[in-house]
Amino acid sequence: MYTQNHTQLTALEKLEDKFDDIIQDLNEKIVELEYINDRQASEIGDLQSDVRCSLIKIEELESKVD
């Protein structure tokens, strides 16, 4: 009886370790995705700023042409 309970406990511990590994892996992927998301948001902000500057220059050129 003890051997069977010990075997079942060992199997449960292995399963728990497997779940812990999966959770850790998913957490690492979430952190990586959050970093990528933040970086892309920053790049989008930079592009929007560039677009605003370009629009101002276009307006200046259009006013010179008029």
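Report follows, based on the coordinates. Just so you know, these numbers come straight off a predicted model, no measurement behind them.

Conventions and cut-offs
All residue numbers refer to positions counted from 1 along the written sequence of the respective chain. This being a predicted model, a pLDDT of at least 70 is required before a residue's local features are given, and a value of 80 or more before pairs of side-chain atoms are given or counted; all residues contribute to the totals for chains, interfaces and linings. Values shown for side chains rest on all heavy atoms present in the structure; no hydrogens or waters enter the calculation. For the purposes of this entry, the term helix denotes a DSSP run of H or I that reaches at least four residues, the term strand denotes a run of E that reaches at least two, and both are numbered from the N terminus. Computation of the radius of gyration draws on C-alpha atoms, with the globule rule given as 2.2 Å multiplied by the number of residues to the power 0.38. The cut-offs for exposure are 20% and 50% of the maximum accessible area for each residue type, with area from a 1.4 Å probe on protein chains only; residues under the lower value are buried, those over the upper are exposed, and the others partly exposed. Using a 1.4 Å probe, accessible areas were evaluated by the Shrake-Rupley method; residue-level cover was limited to the displayed protein chains. In this tally, Lys and Arg are treated as positive and Asp and Glu as negative; His is ignored, and so are the chain termini. Here the site of a charge means atom NZ of a Lys, CZ of an Arg, CG of an Asp or CD of a Glu. Every case where a carboxyl oxygen of Asp or Glu lies within 4 Å of a side-chain nitrogen of Lys or Arg is listed as a salt bridge. For patch detection, residues must exceed 30% relative accessible area and be free of salt bridges, and they are connected within 9 Å for like charges or within 5 Å for nonpolar side chains (Val, Leu, Ile, Met, Phe, Trp, Tyr).

### Some remarks on the overall build of the protein chain
Argument step 1. Counting secondary structure elements, the protein chain contains one helix and zero strands.
Argument step 2. In terms of overall size, the protein chain is more extended than a compact globule, its C-alpha atoms giving a radius of gyration of 28 Å where 66 residues would be expected to give roughly 11 Å.
Argument step 3. Taking the principal axes of its C-alpha atoms as reference, the protein chain extends roughly 95 × 10 × 5 Å.
Argument step 4. Within the protein chain, the proportion of its 66 residues that are buried is 0%.
Argument step 5. Accessible surface computed for the protein chain: about 6,400 Å², of which carbon and sulfur atoms make up 58%.
Argument step 6. Considering the protein chain, the positive charge centre built from 7 side chains and the negative charge centre built from 17 side chains are found 4 Å apart.

### Overview of the pattern of salt bridges
Argument step 1. One pass over the full model with this rule turns up two salt bridges.
Argument step 2. The partner of Lys-29 in a salt bridge is Asp-25, and the shortest N-O contact between them spans 3.4 Å. With a gap of four residues between them, Lys-29 and Asp-25 both fall in helix α1 (residues 2-65), about one helical turn apart.
Argument step 3. Residues Glu-43 and Arg-39 are paired through a salt bridge, measuring 3.9 Å at the closest nitrogen-oxygen approach. Here Glu-43 pairs with Arg-39, and both are found in helix α1, just four residues apart, close to one helical turn.
Argument step 4. A relative accessible area of 42% means that Glu-43 is categorised as partly exposed.

### A few points about a negative patch on the surface
Argument step 1. There is a patch of like negative charges on the surface, built from Glu-13, Glu-16, Asp-17, Asp-20 and Asp-21.
Argument step 2. Structurally, the position occupied by Glu-13 is in helix α1.
Argument step 3. Take Glu-13: its relative accessible area is 39%, and that puts it in the partly exposed class.

### Regarding a nonpolar patch on the surface
Argument step 1. Together, Leu-12, Leu-15, Phe-19, Ile-22, Ile-23 and Leu-26 make up an exposed nonpolar region whose accessible area comes to about 570 Å².
Argument step 2. Given the relative accessible area of 41%, Ile-22 is considered partly exposed.

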